[in-house]
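Structural description and commentary
Next come the chains, spelled out residue by residue.
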Amino acid sequence: MPVTNWRHVKSVSLGLLIRVASFTVIFALLGMVVQMMVVAAPIFAASTLERIDAPDEGRDTPVSRTESRDADLTRRTYWVSKGGWQLKGTPGNPWLWVHDQTAVRLNVSELPSDFSIAQLVGHQRGLAVLVGNTLEHFHFSQPISINDVPAVERVKTVVMGSDIVALAGHPRLAVVALATSLSEIQVVDFRNPDTNLRIQVDVAIDRIVWESPSLIRALTSSGDPLLFAFRATDIGGDWRRLLSPIQYEGYPSEEYLWLPLPSAQAAEPKFSVVPLVFGTLKAALLALLFSAPLSLGCAIYVGCFVSEAQRQRVRPAIDMLTAFPTVVLGAIGLFWLAPRFGEFLSALIGIIALFPILAGLGVFVVRGLGWRWVRHDALDDWPLRLLPLVLLVIALGATAGLSGAARLPGGSLEAYLLSTGLSISYFNSLLVGIVLGLAITPTIFSIAEEAIHAVPRNMAAGALALGSTPWQSYRDVVQPLALPGMIAAIMVGFGRAAGETMILIMLSGNTGIMDLSIFEGLRSVSASLALELPEAPKTSSHYQVLFAMGLLLFGLTFIVNTVAEIIRARVRMRVRGL
Amino acid sequence: MGSNATIRRRRLSSSRYERIRSLAMIGLSASMVSTVLLIGSGLFVLLVASAGDWLFLSSGRLDEGVLDRLNDVFFAKPNLENGLTGLFPAIVGTFSLVMVMTLFVAPLGVATAIYLTEYARDTWYTKLIRISITNLAGVPAIIYGVFGLGFFVYGLGGQVDALFYAKRLPSPTFGTPGLLWAALTLALVNLPVVIVAVTEGLDALPNDLREASIALGATKSETVFNAVMPAALPSVFSGLILATARAAGEVSPLLLVGAVKFSPSLPLASRAPFIEFEQKFMHLGFQLFDAALFARLPPGGLGWVACIALILVLLIGVLNLIAVSLRTAILKRKTFENPF
Amino acid sequence: MKRLFKRFFAVSVLVSSSFVWAQPDDERDRSLIIVGSDTLAKLVTAWAEQFYVLNPTILIEVQAVGSAATPPALLLGTATIGTMSRRMNADERGAFAGRQQRPPIEISLAQDAVVLIVHQQNSLESVSMAEVGQIFGMPGTCGSSMRPVFWRDLREDSTLANWKLQVFGRTATSGTYQYFRRVALCDGDPGIFVNELPGGAGVVNTVARVPGGIGYAATSYTSNDVKILGIEQPDGRILYPDDAEYPLKRTLYLYVMTDLTSESRSIECEFVAYVAGEKGRDLLRDAGFSISQVPDAQSAQDVADACD
């Protein structure tokens, strides 16, 4: 009896272990989502201002007293330009650039003379000027020549409700802290003027100072200074800035820009996810364009027209394409395809143009020779039999394309296109699309082929028995049933192309432009993640935005895969009943 | 296209036009297969030609022979004249990574597959697992790297350091990318592949096997481990080998969790447990990435990149071939029991 | 099947145990991890290799993904030596103070220049800094106006008049990028149309192949396949990288985390001593850098002396 109990216990405990182990799968999926959400969450937080009693230790680098003092341009000057031009301003008088050595004076017409307080803002790249009850934010652009003065541009104007008593500019961001005559401490973020950060206090404020990028000290005439903690992300506390066009400092119009500018102290980082998502989608769609005909054609043939034995041989042969990891494909694209892209394109055009002609010719030839040469039987061998034909078409088409290109004015396709004003970038979307398409072909093939093969043979055979040709039997019987599966295959392929990293890093040029032309480059989410994440400081907004983008990519592939899986499950149910 | 599989009402004439068209369309799809095969072999030929050209034909240093070149490929030390780094440490590193990864992915994958086929009823929980598997299969590899960096390296690794290696802090032992975390991350990447392969193998087994075992008085776990598993073992291997192929070629997670450009010491030791888990390592795929983008290539440098790519592709190709032959071996075994 | 499995298992055990012989016996409790700039990657790797030969008991790892990696790595202790192709800025230094850690020792290693390169067939010989801002930066950088689209926009008599400019640069985490942005782009924004390539060698390799290409890279990566441009000064002179007043000269730094006051000589000190020594300096010169002295930073020799 103890023997039986022991075996039973073993069985139950092993079963438990197995159940626990199976939990890892869910854990991995959930874990990824949760971890990314936790890291990315702070970027969605709004800016906060709160009164505190004692400052946090070691949070931010403190601002030195000289830096605070020099930021006040109300009556003083400060070295702003590297050419030695000092900015001098006094309330009621026009602003001047004064050269320290030659004592040349230049009027600064952009800055208002009737101001009351002026403070440097954002690591000396901007100036906040109080004119009456209006706060104006100006931006400096450094010139290349030390003999030129920096350009000054108005960025924003914010009208304040009440009189302002004290003003201080943030040492890093385009943010000012101010005290009003109604004993209110307020923080104005020029990037996002809608933020309403104000705290009412009960004493009159004399001066206000930024002790560190997150600490404000308000000095009162009577009693102790008041401390306030300020938190803001690099996107101004408004997550919609990740998606909407923004007019950044020094730019004439609104743009979608991805310029995180890591380790740059004096620059405004630009986090717009839009160009990256655009690039990812563009690459994935182009890849589908090239891959779908190829992989679906293969899937139709192998799934429907081939005997079982041959199918067991051909499927792995096509899967051999997976033996090329995407690094290898990217390297081949970089070293072999990219330098010859113009010629490759001409050859491709030649093949595509010549193909219908050759096909038509082929029909005439076979017609002349008699139809005995081409039959519907022995379909198994067609790929091998057609191999020389395909090779011939490719060779002829390529030669035609290349010689045709040589005959174009300019001597090559690229030169001809240049003369019409169209230039092919070295790293262009078409190149990415071709190589990426090759990479996702096995995936799409595998799923589509399964779907086509799952349709019961008897239905297709029935159509044949009724007199239809094999192709008609496929088109009218098999395809309608397999179509959802093929669509699912394309969706999965799209998901893979969207997530692919190596090919995108090597061949896209990583240019953050949003151009519809296939001859220009692009920048994808995955490549940005791979290139920037290892270096981003863990507490920075850059790191958080990258994780948010990772979440976006994950969400996209999740949706695509789930929909595809639902389609496939439904198809399985349908086909099972037949 | 009706929802039932009705044949479309169309004149089913076997007219000549229809027959030609049928032949043409089938011919077109067959030629797609030819094209794919051509492209595949063309890429391989390109790699072999470039690598061969560099090894045998190009003249670098005049006194260098083919054997010297081959020696360079595997054992060269990095120097300033060229960007060559011997691939032997990378091969060892890749091999170690695959071994450690297999150690993690095999039990988890097999256990989950066993759970899904032998133990589970069709509840929301199993549906959730199946959805998770399909989705994990589709998640971009870079996201695994992101998760691996955050959870394994900084999370788990930081905890391990705090608990066991506190004396060495702030210099991290496990709180930094290394072999163990890379292997764990790749184990997650490959988990869906292994699960699907083992599930397929388990599904293919006839129920008679299980029923006979129960009839003879075996408990559930005895049935599973003594009767079912041995029969499904080949599918476990094919799943593992597919995973191996991916581990050798997937570079993006490694950018974040563990590979380095150069490490002269192999992640091996002469004492137990024979593998240094906290070390960073060199990896074939990473070396290819590095050589393609960062290295100043030696004269005829394209060939060097092709060498690395060729070794990588050959490694993966060999593993794939083994998987295929194992699979056909399973299928051949089943012919007398089950029409397949 | 079982027999095959047993054989396979046996073979793999044998194979993996053979790897054990490849590794010298050691205690391996001393390790040296070097991170940092891609510009110095080749040099540091060569140094690491030689240093390993001289000290086989030390485990060395080299990671070269960009200068920006160095301060966080030194701060967290992930590495003890870091290289940067730009100086550590106040924020990064402040992070050490914020964590109550002693700051890294700064060593000025060598001088390097960032050069502008074009294709060999390009007739362009030199550019002014203003034009550099126009070509590489967003519109408005350094007070520039129109970005040149075709080569004829830059020079009417260009041999590549109808070709479009294709601009190549580094990725944002590279020290060379950050230096170029600060000095050549007047702290402005690099253009989003600039192709970002992860390594300096990549920029050179690509510009060598693209007739309409122009890019920037560290001198140590340039080769004879590309043409190096001179920089026109306002007074008409054209400066080349060898000239002392070339505007894009920069110092390369080595940062070491070590306690100079401790009794025993740390591995980091050994490494610095090696770098300051004959062999280390030879490699430095071979790599194409010039050994120089920046007034307000220490040289490797100074630190090596301080170590003893």
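Residues numbered from 1 in each chain as written. Chains lettered and ligands numbered in written order. Predicted model: local features only at pLDDT ≥ 70, side-chain atom pairs only at ≥ 80, totals over all residues. Heavy atoms only, no water.

With that settled, consider the overall build of chain C. Each helix and strand in chain C was counted, giving 11 helices and 12 strands. Across chain C, contacts joining residues at least 24 apart in sequence account for 75% of those joining residues at least 6 apart. Entry remark: accessible area of chain C is about 12300 Å², with carbon and sulfur atoms responsible for 54%. (Helix = DSSP H or I, 4+ residues; strand = E, 2+ residues; numbered from the N terminus. Contact = heavy atoms within 4.5 Å. Areas by Shrake-Rupley, 256 points an atom, 1.4 Å probe, with all protein chains shown as cover.)

With that settled, consider the interface of chain C and chain A. Counting from both sides, the interface comprises 45 residues of chain C and, opposite them, 39 residues of chain A. Between chain C and chain A, roughly 3500 Å² of surface is buried when both sides are summed, and carbon and sulfur atoms account for 59% of that area. Where chain C packs against chain A, one counts 2 salt bridges. Measuring nitrogen to oxygen at the nearest pair gives 2.9 Å for the salt bridge that ties Asp189(C) to Lys270(A). (Buried area = accessible area lost by both parts, 1.4 Å probe. Salt bridge = Lys/Arg side-chain N within 4 Å of Asp/Glu carboxyl O.)

All names here are of chain A. Here strand S12 (residues 184-189) lies mainly inside the structure; 6 of its 6 residues are buried. Residues of S12 alternate between two faces, with Glu 184, Gln 186 and Val 188 on one and Ile 185, Val 187 and Asp 189 on the opposite face, all of them buried. Pairing of strand S11 (residues 175-180) with S12 involves 5 bridges; the strand directions are antiparallel. When the sheet's bridge partners are listed, Ala 179 is paired in S12 with Ile 185. The hairpin formed by S11 and S12 contains 3 residues between the paired strands, and Ser 183 there has a positive phi angle of roughly 60°. Across 4 bridges, the pairing between S12 and strand S13 (residues 197-200) is antiparallel. Along S13, the bridge assignment pairs Val 187 with Leu 197. (Buried < 20%, exposed > 50% of the residue type's maximum accessible area, 1.4 Å probe, protein only. Pairing = 2+ DSSP bridges.)

On to the domain arrangement of chain C, then. Residues and elements named next belong to chain C. The domains assigned to chain C are domain 1 (29-111 + 250-307) and domain 2 (112-249). The C-alpha-based centres of domain 1 and domain 2 are spaced at 29 Å. The interface is formed by 15 residues belonging to domain 1 together with 15 residues belonging to domain 2. The largest share of the area that domain 1 buries against domain 2 comes from Asp 38, Arg 86 and Arg 250, three residues that together contribute 48% of it. Across the contact surface, domain 1 and domain 2 share 1 salt bridge. (Domains from an automatic or database assignment.)

Below, the discussion takes up the pattern of salt bridges. Where charged atoms from two side chains of opposite charge come close, those side chains can pair. Scanning the entire structure with this criterion turns up 30 salt bridges over all chains. Salt-bridge contacts for Arg237(C) lead to Glu245(C); the nearest nitrogen and oxygen are separated by 3.0 Å. Taken together, the salt bridges that share partners define one network made up of Glu308(A), Arg311(A), Arg315(A) and Glu449(A).

On to the packing of aromatic side chains. Under the counting rule described, the total for this entry stands at 29 aromatic pairs over all chains. Ring centres 5.8 Å apart and planes at 65° place the aromatic pair Trp258(A) and Phe271(A) in the edge-to-face group. Of this pair, Trp258(A) sits in strand S17 (residues 258-259) while Phe271(A) sits in strand S18 (residues 270-271), and the two are 13 residues apart along the sequence. For Phe271(A), a relative accessible area of 2% translates into the label buried. Through successive ring pairs, a cluster of aromatic residues spans Phe27(A), Phe147(B), Phe151(B), Phe152(B) and Trp181(B). The positively charged end of Lys220(B) is found above the aromatic ring belonging to Tyr119(B), 5.1 Å away from the centroid. Here Arg250(C) stacks its cationic end above the ring of Tyr179(C), 5.6 Å away from the centre of that ring. (Phe/Tyr/Trp six-rings, centres within 6.5 Å; stacked < 30°, edge-to-face > 60°. Lys NZ or Arg CZ within 6 Å of the ring centre and 35° of its normal.)

Attention now goes to the side chain of Ser11(A). Locating Ser11(A) in the fold gives a position in helix H1 (residues 2-40). Ser11(A) sits in the buried class, given a relative accessible area of 8%. Excluding residues that lie within four positions of it along the chain, Ser11(A) makes contacts with Thr219(B), Lys220(B) and Ser221(B).

All names here are of chain C. Across chain C, pLDDT averages 82, with 90% of residues at or above 70. The model gives residues 19-28 a pLDDT under 50, and that stretch makes 22 contacts with residues more than four places away or in other chains. Per the prediction output, this complex has pTM 0.87; the corresponding ipTM is 0.86. (pLDDT = per-residue confidence, 0-100.)

With that settled, consider the state of the cysteines. Residue and element names in this part refer to chain A. Throughout the structure, instances matching the rule amount to 0 disulfides over all chains. In this structure Cys 298 is not part of a disulfide, and its nearest cysteine sulfur, from Cys 304, lies 14 Å away. Residue Cys 298 is classed as buried on the basis of its relative accessible area of 1%. Of the residues examined, Cys 304 reaches a relative accessible area of 12% and is grouped as buried. (Disulfide = S-S within 2.5 Å.)

The backbone of Ala103(A) shows a phi angle near 60°, a positive value even though the residue is not glycine. With respect to the secondary-structure elements, Ala103(A) resides in the loop between strand S4 (96-99) and strand S5 (105-107). At Cys186(C), a position not held by glycine, the phi torsion is positive, near 55°.

For the rest of this paragraph, the subject is the interface of chain A and chain B. Each side of the interface is counted separately: chain A has 97 residues, and chain B has 95 residues. Here chain A and chain B share an interface that buries about 8400 Å² over both sides, 79% of which is from carbon and sulfur atoms. Between chain A and chain B we count 0 salt bridges in total. Across the chain A-chain B interface, the total number found is 4 residue pairs in polar contact (both at pLDDT 80 or more). Across the side of chain A that touches chain B, the residue classes break down as 66 nonpolar, 22 polar and 9 charged. (Polar contact = N/O pair within 3.5 Å; in protein donor to acceptor, adjacent residues only side chain to side chain. Nonpolar A, V, L, I, M, F, W, Y, C, P; charged D, E, K, R; others polar.)

Attention shifts here to the confidence of the model for chain B. Residues and elements named next belong to chain B. Taken over all residues, the pLDDT of chain B has a mean of 77, while the share at 70 or more is 76%. The spread of mean pLDDT over the elements of chain B runs between helix H2 (residues 66-75), the lowest at 68, and helix H6 (residues 179-204), the highest at 88. The low-confidence segment residues 1-7 (pLDDT under 50) makes 10 contacts with residues lying over four places distant or belonging to another chain.

Residue and element names in this part refer to chain A. Reading across the sheet, the 4 strands line up as S6-S7-S8-S9 and stay open at both edges, with antiparallel pairing between neighbours. The strands lining the two open edges of the sheet, one partner per strand, are strand S6 (117-121) and strand S9 (151-159). On average, adjacent strands in this sheet sit at an angle of 25° to one another, irrespective of strand direction. (Axes fitted to C-alpha atoms, helices over the stretch in contact; angles between N-to-C directions.)

In this section: the pairing of strand S12 (residues 249-256) of chain C. All names here are of chain C. Counting buried positions along S12 yields 7 of 8 residues, so the element is predominantly enclosed. Sheet analysis places strand S3 (residues 81-84) next to S12, joined by 4 bridges and oriented antiparallel. Bridge pairing in S12 links Thr 83 to Leu 254.

All right, on to the packing of helix H5 (residues 326-337) of chain A against helix H9 (residues 429-454) of chain A then. Residues and elements named next belong to chain A. Where H5 meets H9, the closest approach of the two axes is 10 Å, and the angle between their N-to-C directions is 145°. Here the hand of the crossing between H5 and H9 comes out right-handed. Listed contacts from H9 to Thr 326, Leu 329, Gly 333 and Leu 337 of H5 are Leu 431, Val 435, Leu 438 and Ala 439. (Left-handed = near helix turned anticlockwise from the far one by under 90°.)

Turning next to the environment of Thr176(B). You can see Thr176(B) is positioned in the loop between helix H5 (141-164) and H6. Between the C-alpha atom of Thr176(B) and that of Asp161(B), which follows or precedes it by 15 residues, the distance is 9.6 Å.

Attention shifts here to the sheet that holds strand S10 (residues 164-169) of chain A. All names here are of chain A. Strand order in this open sheet of 4 strands is S10-S11-S12-S13, and the pairing throughout is antiparallel. Every interior strand has two partners, whereas the edge strands, S10 and S13, have only one. Going across the sheet, the axis of each strand differs from the next one's by a mean of 15°, ignoring polarity.

Attention now goes to the nonpolar core. Grouped together as the largest cluster of nonpolar side chains are 259 residues, with contacts concentrated most on Tyr301(A), Phe289(B), Phe136(C) and Phe180(C). Considering every element that reaches this core, the biggest residue donor is H6(B), with 15 residues. Once residues within four sequence positions are removed from consideration, Phe180(C) is found in contact with Val114(C), Leu116(C), Val132(C), Phe136(C), Leu185(C), Tyr216(C) and Leu248(C). (Core = buried A, V, L, I, M, F, W, Y, C linked by side-chain atoms within 4.5 Å.)

Another point: the packing of helix H3 (residues 88-119) of chain B against helix H8 (residues 220-249) of chain B. All names here are of chain B. In the contact formed by H3 and H8, the axes pass within 8 Å of each other and the chain directions differ by 140°. Between H3 and H8, the crossing angle belongs to the class labelled oblique. You can see that H3 and H8 cross each other, and the crossing is right-handed. Contacts between H3 and H8 involve Thr 94, Leu 97, Val 98, Met 101, Thr 102, Val 105, Ala 106, Val 110, Ile 114, Glu 118 and Tyr 119 from the first element and Lys 220, Ser 221, Val 224, Val 228, Met 229, Val 236, Leu 240, Ala 243, Thr 244, Ala 247 and Ala 248 from the second. Residues that form the contact of H3 with H8 fall into these classes: 16 nonpolar, 4 polar and 2 charged. (Parallel < 35°, antiparallel > 145°, perpendicular 65-115°, else oblique.)

Here we take up helix H7 (residues 175-183) of chain C. Residue and element names in this part refer to chain C. Burial of H7 is extensive: 7 of the 9 residues sit out of reach of the surface. All buried positions along H7 are accounted for by Gly 175, Thr 176, Tyr 177, Gln 178, Tyr 179, Phe 180 and Arg 181. Where H7 begins, one side-chain oxygen reaches toward the backbone nitrogen of Thr 176, 3.0 Å away; that side chain belongs to Ser 174.

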